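# Survey of secondary and tertiary structure
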Amino acid sequence: MRKEGKGLVVALGLVALMAAGCAKEEVVKKDEPVVPQQTVKQQEPAKPVEPAKVEPAKTEATQEGATAKASAANALETVYFDFDKSDLRQDARDALAKNAEALLKQLANDKVKIEGNCDERGSDEYNLALGDRRAKSAAKYLETLGVKADRITTISYGKEKPAVQGHDEAAWAKNRRDDFVIVK
Amino acid sequence: MRFLPRLALLLLLCCSLATVACADGVVEVTAPGNRLLKLAVVPAQPQGATVQPDLANEMADAQVFDLNMSGLFAAERRDAAPLPQGLGLSVIDYIPWLTAGYDLLIRGEYELRGDELTVEFRLFDVLNKKQLLVKRYLGKRSDLRRFSHAFSDEVLGVMAGAKGAFTSRVVYVSSQTGHKEIYIMDWDGFNTRQITRNNTITISPDVSPDGREIIFTSYKRGNPDLYKRALSSSVEVPISTRRGLNITGAWSPDGSKIALSLSKDGNTEIYTINRDGSAPNRLTVSHSANVSPSWSPDGSKIAFVSDRLGRPQIFIMDADGGNVRRLTTNGSYNVNPSWSPKGDKIAYARMMGGFQIFTINTDGSDDTQLTSEGSNERPRWSPDGRLIVFSSQRNGGQAIYVMRADGSGQTKVSHTGGQNIHPVWTPRWE
Amino acid sequence: MQTLQRRSDTWLGVTLLLSTALHVAAFFVMVWLQRLSPDLGQVQTTYYVDMVNLPVASPQSGSPIPTPTPAREEVATAPQAGPTASVKAAPKAAPMAIGKSPSTAAQSFQERLASLAGKAAEERQAAALASIREKVAGGRAGMPGATGAQAGSDYTAYLHSRLKDAFRETISYQSRAPFVAVRLTIDGEGRIVQLRLLQSSGDKVFENAVQRAISLAQQRIVPPPGHTVYQGSFVFKPQGVTHQ
């Protein structure tokens, strides 16, 4: 009898303990990380993401930045984009209009490869998709200007082929671009 | 009637023999803090004619690093007089270790014959004066770190109920040669080996669930195509060479499928293909970019990055593409999802100036920042879920780091020069 | 109860004797079994096979089917008897001597160092033993003054305090809100003769910590009052962490 009573008390006690969560939640940290914690440094706030529009680079500038394949005679103008954007700014449309004209006249027998690129800031995988989109938006615009689709191919290099080394907005603006390469 | 009191008395006596006194109710015992188990690793003692203290020390140091990174131990190398009759026959004297405050002790014994190495490790519970674990490893001299890691895995199994993953490796991308190529190293950065030699851009590796093959994207034929190769071979088989992007390949947990991003139909969308590249099946339908699929451990769901709402955010969908929901709601640029082996959390990187690594529960709760120094990307979980490997830009370089799943213990592990990015943890060696 | 006991009853005496004998026998069987269970764990031998560098079935083909190769089986644990026996068969006393025999200056220095270390270890051991003795003696000082056959709440309170002290030294866990409920049986000599796990949140690290706390406490506890058997249930939790 006595034992049963006690068992009941014990069981009740257990149930009560389980049921009644007591004090406030408090995560206890491990006292001693083995490798000293790196000092916490405040990141500088994100740079303004949509900068003042950068003047489209002139032909001379393009040649420095673009790949060697876009050789002297047939230089097509590079097209630039805003951060994380693939839509064409007015200066981009102007450059594409010139490129379309060249492709329809002097370069009428050549094919063009559009290489989409990004600045170094974004995630590299996401940037591959962004570069792809930049190349394709230029390709689409060239098509609307009369360049036949089968003369255009696109490729994205994401942030793998920066035109300019550097970690400031000036460099980034030059790297968010489509290069145009003539393919024989 | 006479028997009844007798019976009662008998019962009472039997009871009281077993339990004379008894506490009322359950007493709660609490203590503050969460201490680390203090563990001494004594370098293994030689068993044969060949005596190589550096070999024994290297094995001990590997275990010390492993067990410290587990977050459960404060491990250190301690020299001690060799056991006169070898590990097997000697009686361990626990008292000095107990007095020095140790909870646990690892001792070992090795025998080197030419290139053949035999190692035995034993784990002792100092307080209970008990042997907890004995393991013996036979192999080559070059396997010595692996033996150490294998024993560390076992120690965690005994002490924490789940084996460690210190026998696993990390596959990553380094630009050491001037080109981005794929490398493999032990999880602690030793035994680094270059795998690809494509002299072009080769990125985004993923390891098959059996740990023997990798997939990656390379521009070796001009287009970002997906290739597969066995780690033991140099043959690279193109498995997806569709027009446009063939990127961010991710092996399904059962190894039968690969999820990847293709831009062949215009947008970059997520597809699954068979492991030989056949039978593409489109999962996402949007007017935006969808990249970086990461399978849940049971293979039923896929986390991915999409900018369908403007900026890249992390979404979760069923493995057939249905039931899409947004996971991350804080921050304007969240990428690199990686599903934890337990399935409860997703690690990812958020752009906030540079990138920082976060973990979030799969229901969107408990969004926690783990890193704050430098710029940190590409988190990937260790197979046991205790550690996270990531790529960090700090102190003037970009290297591969590991940390515990709570963000503590951030340590550089890669030794290669150039940019070191895209780490992926391989399954553990069984 | 007392009136009952005064009544002389042979039947009762026989059962009492029988019951006592049975219990004593059971106790010795348990002790004996514990002796038998070897302290040595089994030596598990592992042959190392580098899975990563094993060739894949046919890397050229598009989809190497993951057929179980014989290589996988090699990884399996080797039969216990063989290797274990061979290790123990040859005690390596000789190699130990090899290092010491050449009497170069450096080595004799090493020897001196080793003997010094040995001496230091002995001293440490003696100190440790003394401190343990002290601890045991000190434990008695905290003993409540209860006497007689009533091992009740005073002894529970005493145990609680011993367990709490020990738990402070061992607490360690890997989950958020771990708990372990145990039932302790302490014999008349103050030995914990049974430790039964009633309930656990499943945190192995925490379970170990509790087990170690009880082991540690055992070194310091005194017998229950009147040298009777004591049973009590205790639930262990980290301080300030609640269940969800």
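Residues numbered from 1 in each chain as written. Chains lettered and ligands numbered in written order. Predicted model: local features only at pLDDT ≥ 70, side-chain atom pairs only at ≥ 80, totals over all residues. Heavy atoms only, no water.

In terms of regular secondary structure, chain C is built from eight helices and four strands. Evaluated residue by residue, chain C yields a buried proportion of 32% over its 244 residues. Counting only contacts in chain C whose residues sit at least 6 apart along the sequence, the fraction spanning at least 24 positions is 75%. For chain C, the accessible area works out to roughly 14,400 Å², and carbon and sulfur atoms hold 60% of it. (Helix = DSSP H or I, 4+ residues; strand = E, 2+ residues; numbered from the N terminus. Buried < 20%, exposed > 50% of the residue type's maximum accessible area, 1.4 Å probe, protein only. Contact = heavy atoms within 4.5 Å. Areas by Shrake-Rupley, 256 points an atom, 1.4 Å probe, with all protein chains shown as cover.)

What follows concerns the overall build of chain A. Scanning chain A from terminus to terminus reveals five helices and four strands. Reading the helices (α) and strands (β) of chain A from amino to carboxyl end gives α-α-β-α-β-α-β-α-β. When the 184 residues of chain A are sorted by exposure, 43% land in the buried category. At a minimum sequence separation of 6, the contacts of chain A that also span at least 24 residues come to 75%. For chain A, the exposed area adds up to about 10,000 Å²; of that, 57% sits on carbon and sulfur atoms.

Attention shifts here to the nonpolar core. Residue and element names in this part refer to chain B. The biggest cluster of nonpolar side chains holds 45 residues, and the ones touching the most others in it are Phe73, Ile106 and Val155. The leading source of residues in this core is helix H5 (residues 144-160), at eight residues. Taken domain by domain, the makeup of this core includes at least three residues from each of domain 1 (37-160) and domain 2 (169-425). Other than its neighbours up to four places away in sequence, Ile106 contacts Leu39, Ala40, Val41, Val42, Gln63, Leu67, Phe121, Arg122, Leu123, Phe151 and Val155. Among the nonpolar cores identified, the runner-up in size contains 40 residues, and Ala303, Leu327, Tyr333 and Met351 belong to it. (Core = buried A, V, L, I, M, F, W, Y, C linked by side-chain atoms within 4.5 Å. Domains from an automatic or database assignment.)

Further remarks concern helix H2 (residues 53-69) of chain B. All names here are of chain B. Taking 1.5 Å of rise per residue, 17 residues should cover 24 Å, and H2 covers 24 Å from first to last C-alpha, within 8% of that figure. All buried positions along H2 are accounted for by Leu55, Ala56, Met59, Ala60, Ala62, Gln63, Val64, Asp66, Leu67, Asn68 and Met69. A positive backbone phi angle near 85° is found at Gly71, which sits one or two residues after H2. (Expected span 1.5 Å × (residues − 1).)

Residue and element names in this part refer to chain B. At their nearest, the axes of H2 and H5 sit 9 Å apart, and the two run at 35° to each other. The handedness of the crossing between H2 and H5 comes out as right-handed. Taking contact as the criterion, the partners of Leu55, Glu58, Met59, Ala62, Gln63, Asp66 and Leu67 in H2 are, on H5, Leu144, Arg145, Ser148, His149, Phe151, Ser152 and Val155. (Axes fitted to C-alpha atoms, helices over the stretch in contact; angles between N-to-C directions. Left-handed = near helix turned anticlockwise from the far one by under 90°.)

All names here are of chain B. On the basis of which strands lie adjacent, the open sheet formed by four strands has the order E11-E12-E13-E14 and antiparallel pairing. Edge positions in the sheet fall to strand E11 (202-207) and strand E14 (237-240), since each has one partner strand and no second. Here the strands of the sheet are splayed against their neighbours by 30° on average, with no regard to which way each runs. (Pairing = 2+ DSSP bridges.)

What follows covers the pairing of strand E2 (residues 180-186) of chain C. All names here are of chain C. Of all seven residues making up E2, seven are buried, and the element is well covered by its neighbours. Taking every second residue as pointing to the same face, both faces of E2 are buried, with Val180, Val182, Leu184 and Ile186 on one and Ala181, Arg183 and Thr185 on the other. Here E2 runs beside strand E3 (residues 192-200); their pairing, made up of seven bridges, is antiparallel. Following the sheet pairing, Arg183 is matched in E3 by Arg196. In terms of strand pairing, E2 meets strand E4 (residues 230-238) through seven bridges, oriented antiparallel. Residue Thr185 lies in a different strand from E4, and its bridge partner there is Gln231.

Residue and element names in this part refer to chain A. With 60% of its residues at a pLDDT of 70 or more, chain A shows a mean pLDDT of 72. Within the model, pLDDT remains below 50 along residues 1-5, and this stretch shows three contacts once partners closer than five positions in the same chain are excluded. Throughout residues 7-73 the model reports pLDDT below 50, and contacts reaching past four residues in sequence, or to other chains, amount to 100 contacts. (pLDDT = per-residue confidence, 0-100.)

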